[in-house]
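# Descriptive structure summary
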Amino acid sequence: MIQKILVLGGGSAGLIAAITLKRILPHLEVSVVRSPEIGIIGVGEGTTPFFPHHLHRYLRLPPKDFYERAQPTWKLGIRFLWGERSEFPYTFDAQFATRFTNLPRNNGFYCSSSLKDMSLSAALMARRKAFVRDPQNRPVIPVSSVAYHIENIKLVAYLEWQASALGVLIEDDTVESVQRHGDTITSLGLRNGGTRHADFFIDASGFHSRLIGNEFAEPFISFSDSLFCDRAVIGPRERLPNEPIDPFTTAETMDHGWCWRIDHEHHVNRGYVYSSAFVSDADAETEFRTKNPAITNTRVVHFRSGRYQRSWIGNTVAVGNAAGFVEPLEATALMILCAQCRTIADSLLDSLGQPGPLLKDVYNRFMAARWDEIRDFLALHYRFNSRLNTPFWIHARANTALHGAQDIVDFYSENGPSLLAKAVSISENDQFGIEGYLAMLIGMNVPHAMPHDPDPSELQRLIAHQSAFASRADAAISVSDALQLIRNPRWRWTP
């Protein structure tokens, strides 16, 4: 029976894993060994709503502590400068996979020409507003249905504090040896602190994948036939005086990939994800700095997109980048990490600390499917982005393998934005769902065989819905105002 867990790695992955296990299984002894030689990678600082839901709903960690220590800003979605349209919003609420009550067709059928104000979040994003007001004119700041922009250093500092408060032991040392019998690891030999024994090990060692990839030599499945980008040049800039804080991430098409913009309270983080097969590091930085002349220091991060064939072997499970990685186009890193940690905790809870081979096999198949779904969804972004005709984008449109997304694209091509695609080809566990796929297919103006020509009365009803969203968004508050509000000593978070 598992009684003692050792987490290898003290970045966000290792600390979230430790916090999750200790919070759900408080009787277990959980410790973290982190190497002082490994820094924070910092590729992508955005989340999806899965992350706050994991912290504040599943783990029931107080939002007050998180906001005081991690100091996040909010993210309602992604503003895409992508495809034929000048821009389009990808939101975390329902724009297209829904139907306004007095219209005969799903919303997606009314978006061939304009995507204006098709949901409340879309209306807020268009006006750079964060939160609407309730009937008493009070701003509504949700706890777990909105995503975050977080600075990694502040996030890790919060996670360290929270882990220690829960009784997790954290020590700095470097693993020099691994002792095991077959698939069972018994202990880790440390450079300075001797040997650490445990019944169960979490490999959160990042791209090093010290246990699953290095020790067990588990085969790595590359996603390079769908995702061609393998590097990112990253650099911050100071926020300009009176510059509004965007409540969304911006993803902008570049000659050899794409560039992100993530707004923090005091600075703006920019990054250019690109393919080294099409541009050198030096030329990529030149293009990046031309687009962002106020950028200060930059650094280049190398990565490979893919996953290990299995992430649970014997008494060891890999999480985060130690299990797999895809580029940060939809900010999926913390999303899949939370899914991993929750599933591990539930597995240990349900098996009474004695997980058997079938449970491990189910976990491996379940998580492999989640990784592959991310690959398939991101592939869609590259296959149909017709914004530029550079060699990279010509290659991406011609050669991006869609894998599991092919059925969805075929169904959409024949039937348009029908919600039946959900039943035909999207798993109930898919992290993006039919809404995510429709947002990208409609946003990029991918053609289909079922266009709808609404009559004047339909258009009037549609405009009425859009106007209602616009009116609420016009009266909403900005990110800056919301930050001031939650820092008022009289502010109370709703449980």
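It should be emphasised that the depicted structure is a prediction, and the values quoted were computed from it without experimental measurement.

Criteria and thresholds
Just so you know, the residues in each chain are numbered from 1, in the order the chain's sequence is written. Local features in this predicted model are restricted to residues of pLDDT 70 or higher, and side-chain atom pairs are both shown and tallied only at a pLDDT of 80 or more, whereas totals for entire chains, interfaces and linings draw on every residue. Hydrogens and water are ignored here; the side-chain numbers use all heavy atoms of the structure. Grid spacing is 1 Å over the protein atoms alone, the probe is 1.4 Å, and a cavity is where that probe fits but cannot get out, while a pocket is an open set with protein on both sides within 12 Å along at least five of seven lines and lining residues have an atom within 4 Å of a point. Grid points are joined across faces, edges and corners, and a volume is the space filled by probe spheres set on the points. Counting from the N terminus, the helices are DSSP H or I runs at least four residues long and the strands are E runs at least two residues long. Residues are grouped as follows: Ala, Val, Leu, Ile, Met, Phe, Trp, Tyr, Cys and Pro are nonpolar; Asp, Glu, Lys and Arg are charged; all remaining types, including Gly, are polar. Two strands pair under a simple rule: DSSP has to find at least two bridges between them. Accessibility here uses a 1.4 Å probe with only protein chains present; expressed as a share of the type maximum, an area under 20% marks a residue as buried, one over 50% as exposed, and anything in between as partly exposed.

## Remarks on empty space enclosed by the protein
- All chains considered together, the criterion is met by 2 cavities of 30 Å³ or more.
- Within this model, the largest cavity holds a volume of roughly 100 Å³.
- Forming the boundary of the largest cavity are 13 residues, of which Thr249, Trp260, Ile262, Pro328 and Ala331 lie nearest the centre.
- At the level of secondary structure, the elements contributing two or more residues to the lining of the largest cavity comprise strand S14 (249–254) and strand S15 (257–263).
- When residues of the lining of the largest cavity are assigned to their parent elements, the largest contribution, 3 residues, is made by S15.
- Per-class residue counts for the lining of the largest cavity are 8 nonpolar, 3 polar and 2 charged.
- Considered as a void within the structure, the second largest cavity measures approximately 40 Å³ in volume.
- Lining the second largest cavity, in full, are Arg307, Tyr308, Gln309, Arg310, Ser311, Ala323, Asn364, Met367, Ala368 and Trp371.
- If you list the elements that add at least two residues to the lining of the second largest cavity, you get strand S18 (306–308) and helix H9 (357–383).
- Its residues placed into classes, the lining of the second largest cavity shows 5 nonpolar, 3 polar and 2 charged.

## Considerations on the pairing of strand S8 (residues 175–181)
- The pairing of S8 with strand S9 (residues 184–190) spans 6 bridges and is classified as antiparallel. Bridge pairing in S9 places Val178 opposite Leu188.
- Taking the residues between adjacent antiparallel strands as the criterion, S8 and S9 are bridged by 2 residues, where Gly182 takes a positive phi near 60 degrees.

## Considering the pairing of strand S11 (residues 200–203)
- Neither face of S11 is exposed, since Phe200 and Ile202 on one face and Phe201 and Asp203 on the opposite face are all buried.
- Relative to S11, strand S1 (residues 4–8) runs parallel, the two being bridged by 4 bridges. By the bridge assignment for S11, Val7 is matched with Ile202.
- In this sheet, strand S20 (residues 316–318) lies alongside S11 in parallel orientation, the contact comprising 3 bridges. Its bridge partner being in S20, Asp203 is matched across the sheet by Ala318.

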